[in-house]
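Breakdown of the fold
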Amino acid sequence: MSKRKYNTIDLFAGCGGLMDGFMQEGGFNTLACVEWETYPCLTIANRLEKKWLHKNAKEEVVRFDIQRTEELINGFDDKEYGKHVGLDKIIGGEKVDVVIGGPPCQAYSLAGRIRDPYGMKNDYRNYLFESYIRILEYYNPKFFIFENVVGMLSAAPDGTPIVNRIKKAFDDAGYCVIDDFKDAVFDVADYGIPQHRKRVIILGINKRSFSKQDNIGNKILDDFYNVIMPKYREQAKQRTVRDAIGDLPALMPSKDIIIHNGHKFSHIPIDGGGILNHEPRFHNERDQKIFAMLGEDIASERNEFVSIESLKALYTKMTGKKSNIHKYYVLRWDEPSNTIPAHLYKDGMRHIHPDPKQARSITVREAARLQTFDDDFELIGPMMEQYKMVGNAVPSAFAFIIADALKKIIDRY
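As a starting point, this report considers the structure included with it. Predicted model only: the values in this text are computed from it and were never measured. (Residues numbered from 1 in each chain as written. Predicted model: local features only at pLDDT ≥ 70, side-chain atom pairs only at ≥ 80, totals over all residues. Heavy atoms only, no water.)

Within the largest apolar cluster, 77 residues are counted, with the highest numbers of intra-cluster contacts made by Phe144, Phe170, Ile202 and Leu203. Residues in contact with Ile202, not counting those within four places in the same chain, are Phe144, Ile145, Phe146, Phe170, Val177, Ile178, Phe181, Ala184 and Tyr225. Judged by nonpolar contacts, the second largest core, of 20 residues, contains Leu370, Met389, Val390 and Ala393. (Core = buried A, V, L, I, M, F, W, Y, C linked by side-chain atoms within 4.5 Å. Buried < 20%, exposed > 50% of the residue type's maximum accessible area, 1.4 Å probe, protein only. Contact = heavy atoms within 4.5 Å.)

A few words on the packing of aromatic side chains. Applying the stated criterion across every chain yields a total of 17 aromatic pairs. Their ring planes at 65° and their centres at 5.9 Å tell us that Phe186 and Tyr191 sit as a pair that is edge-to-face. With a relative accessible area of 5%, Tyr191 lands in the buried category. When the centroid spacing of 4.6 Å and the interplanar angle of 55° are considered together, the rings of Phe373 and Phe377 count as tilted. The class for Phe373 is buried, based on a relative accessible area of 3%. Through pairs of rings, three or more aromatic residues link up here, namely Tyr132, Phe144, Phe146, Phe170 and Tyr175. Cation over ring: Lys264 sits above Phe282, and NZ or CZ is 4.5 Å from the ring centre. A cation sits over an aromatic face here: Lys388 above Tyr345, 4.6 Å from the ring centre. (Phe/Tyr/Trp six-rings, centres within 6.5 Å; stacked < 30°, edge-to-face > 60°. Lys NZ or Arg CZ within 6 Å of the ring centre and 35° of its normal.)

Scanning the entire structure with this criterion turns up 23 salt bridges. Between Arg63 and Glu80 there is a salt bridge, with its nearest N and O atoms 2.7 Å apart. Here Arg63 is found in strand E3 (residues 61-63), whereas its partner Glu80 is found in the loop between strand E4 (76-78) and strand E5 (82-84), with 17 residues between them in sequence. Residue class for Glu80 comes out partly exposed when judged on its relative accessible area of 49%. Between Asp247 and Arg369 there is a salt bridge whose closest N-O contact spans 2.8 Å. Placement of Asp247 in the loop between helix H10 (241-245) and strand E11 (252-260) and of Arg369 in helix H13 (residues 364-370) is noted, with a sequence separation of 122 residues between them. Classification of Asp247 by relative accessible area gives exposed; the value is 59%. Classification of Arg369 by relative accessible area gives buried; the value is 14%. Taken together, the salt bridges that share partners define one network made up of Asp20, Arg47, Lys51, Asp374 and Asp376. (Salt bridge = Lys/Arg side-chain N within 4 Å of Asp/Glu carboxyl O. Helix = DSSP H or I, 4+ residues; strand = E, 2+ residues; numbered from the N terminus.)

Here you go:
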């Protein structure tokens, strides 16, 4: 078994959930991360520097538009993104063993298509996978991990299923992938993550690397999907909301609105009890009343407000507005959470804390706990940006499992 670490590049890296899981596994080394948004770049660079002791982290995290692939590789001097030497100089003479990451999922997500009047058909993000593949073709790693939402299985922005385009593009680039992407869908709750979150995980095998071995690509894929990953599922214990956040300091409603550093607070303690990113979100009296009522309804097992129709009626009664979807959901202590979405940055009504006395939505740290980020994982930026980063991330504990499974594959083959 090889003792050397395998080098990775992380594309569309976000705040680093996938990267962190791979680094925690211990068999991988991050050479570079590419991301175009500012706060995720600051967050992932901070993590690489403080947790993983990368002295050159600020250079290794490249803030740039991946669609401008040639500049990304060779260096750029840009008004928006600043100046950088490019991936080639950062990587130096190192061999890239694995490319990981997945394009932004909003264009493929079912929720995104419902909200957009054009069904996301005109969204440029439908084709960001092409930029991912250009990096694959340039660095020629033996393996890749491509992650995305289940909505990609039904997306057809130009009338052709996007999965057909992606499979053909991977094949043209020289990579073998699973025949039916539906067989690559995982619910992370089955793997001990305290949250229901379905994602497509595509393992790619470089056909040129195994050309002398008959049908080896399909054998590797069968091993990964049908032997190795099921073992993690069989060994996993279900983790619940209580397991994830039950020990965090309570944030209780204040009798008066608190003004601190120019911000309004409705709950105390305002510093989250000294826990990183556990500051309370502001909620007005009406929403606090609704949250307390809904939490008590679940805690008492009356279950008056568990149907979609009753929740829609409650929303109309309390706000005077109508909604085609139900706006409220209380997390259940003894079940995994519902999916933590990027939409949390807009409001937290679908992620109400299960303790009715606290009468609030979950904090960034609670969302991060449900995404299995360690408590020392610092999210940098305004609170709304923190919620967005957490919601867009791969749960780090699930990323660890993917990395561990891939390490078994690499060592075996």
